[in-house]
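Overview (structure and organization)
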Amino acid sequence: MFGADKGTSNLLDGKKMVIGIVQARFNEGITNALYEACHAELLALGVQEKHITRVTVPGALEVPLVLQAMAERDEYDALIALGCVIRGETYHFELVCNESGAGVTRVSLDTNTPIANAILTVENVAQAVARQEEKGRDAARVAIEMAHLVEQIG
């Protein structure tokens, strides 16, 4: 939920992390803002610039395939999915939201790779703009925390 109390974590040290980001270009103004907020937060959490890889894809439906290719390289501690799907006049919105979300989850489970899903699914541009910075920062935090958790459980 937007503005929700997300709690705190002591697992946000990104100094030794290698992070991959897959960004959809569709609604690029929004996804660029997501990326900028995510990237800035990763740096603030100690991830070195040289340990952040960014790949862009056409849209949200293409994100899972590239996440899978990156996860299979076994070079990343965590991955981040960035995108923005805005409701239109057809059922296509539901299809893209559901399939991209399911794809991201499947890649994470199939490869045992933490993936922070920050593919926004919103009713309009105003909702996307209101969420782009917070969700970008959240994605960075989730990726680092989950990488630590998976390593600890490992």
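What you see is a predicted model, and the numbers here were worked out from it, not measured in a lab.

Turning our eyes to something else, we now look at the nonpolar core. What tends to happen in soluble globular proteins is that the nonpolar side chains get buried as a cluster. Core analysis: the biggest nonpolar cluster contains 25 residues, and Ile19, Ile21, Leu42, Ile80 and Leu82 have the highest contact counts within it. Broken down by secondary-structure element, the contributors of at least two residues to this core are β1 (19-24), α1 (28-44), β3 (78-86), β4 (115-122) and α4 (125-153). The element best represented in this core is α4, accounting for six residues.

Moving on, we get to the pattern of salt bridges. Opposite charge on two side chains permits them to pair, given that their charged atoms come into close proximity. Scanning the model with the defined rule gives nine salt bridges in all. Here arginine 87 and glutamate 123 are joined by a salt bridge, their closest N and O atoms 2.8 Å apart. Residue arginine 87 is located in the loop between β3 and α3 (92-111), and its partner glutamate 123 is located in the loop between β4 and α4; the two are separated by 36 residues in the primary sequence. Within the structure, one salt-bridge network assembled from shared partners comprises Glu41, Lys135, Asp138 and Arg141.

What follows is about helix α2 (residues 63-72). Because each turn of an α-helix spans 3.6 residues, side chains separated by three or four positions end up pointing in the same direction. Three or more residues of α2 are buried, namely Val63, Pro64, Leu67, Met70 and Ala71. Looking down the long axis of α2, one finds its buried residues gathered within 125° of arc, a one-sided arrangement. Exposed side chains of α2 directed beyond 90 degrees from the buried face belong to Leu65 and Glu72. Among the residues trailing α2, aspartate 74 stands out with phi positive, at a value near 55°.

Before going further, it helps to spend a moment on the side chain of histidine 39. With respect to the helices, strands and loops of the structure, histidine 39 is situated in helix α1. Since its relative accessible area comes to 12%, histidine 39 is described here as buried. Contacts of histidine 39, omitting those with residues within four sequence positions, involve Glu49 and Ile52.

Before going further, it helps to spend a moment on the packing of aromatic side chains. Any pair of aromatic rings gets described here by the distance separating the centres and the angle formed by the planes. Taken as a whole and assessed by the stated rule, the structure comprises zero aromatic pairs. Cation over ring: arginine 54 sits above tyrosine 35, and NZ or CZ is 3.7 Å from the ring centre.

Residue position: glutamine 132 is located in helix α4. Setting aside residues up to four positions removed in sequence, glutamine 132 forms contacts with Gly29, Ile30, Ala33, Leu34, Ala37 and Leu120.

About the criteria used
- The numbers attached to residues start from 1 for each chain and follow its sequence in the written order.
- Where local features are concerned, this predicted model is filtered to residues with pLDDT of at least 70; where side-chain atom pairs are given and counted, the filter is 80 or more; whole-chain, interface and lining totals use all residues.
- Heavy atoms throughout the structure, all of them, feed into the side-chain values; hydrogens and water do not.
- In these notes, a set of buried Ala, Val, Leu, Ile, Met, Phe, Trp, Tyr and Cys residues joined through side-chain atoms within 4.5 Å is what counts as a nonpolar core.
- Between buried and exposed lies partly exposed: a residue is buried under 20% and exposed over 50% of the maximum accessible area for its type, with that area taken using a 1.4 Å probe on protein chains only.
- The numbering of helices and of strands both runs from the N terminus, where a helix is a DSSP run of H or I of at least 4 residues and a strand a run of E of at least 2.
- Salt bridge, as used here: a side-chain nitrogen of Lys or Arg that lies within 4 Å of a carboxyl oxygen of Asp or Glu.
- This arc is built from the directions going out from the helix axis to the C-beta atoms.
- Note on definitions: a residue-residue contact is assigned when non-hydrogen atoms from the two residues lie within 4.5 Å.
- Between the rings of Phe, Tyr and Trp (Trp by its six-membered ring), a pair exists once the centres lie within 6.5 Å; its type follows the angle of the planes, with under 30 degrees stacked, over 60 edge-to-face, and the other angles tilted.
- Counting as a charge over the ring demands two things of the Lys NZ or Arg CZ atom: a distance within 6 Å of the ring centre and an angle within 35 degrees of the ring normal.

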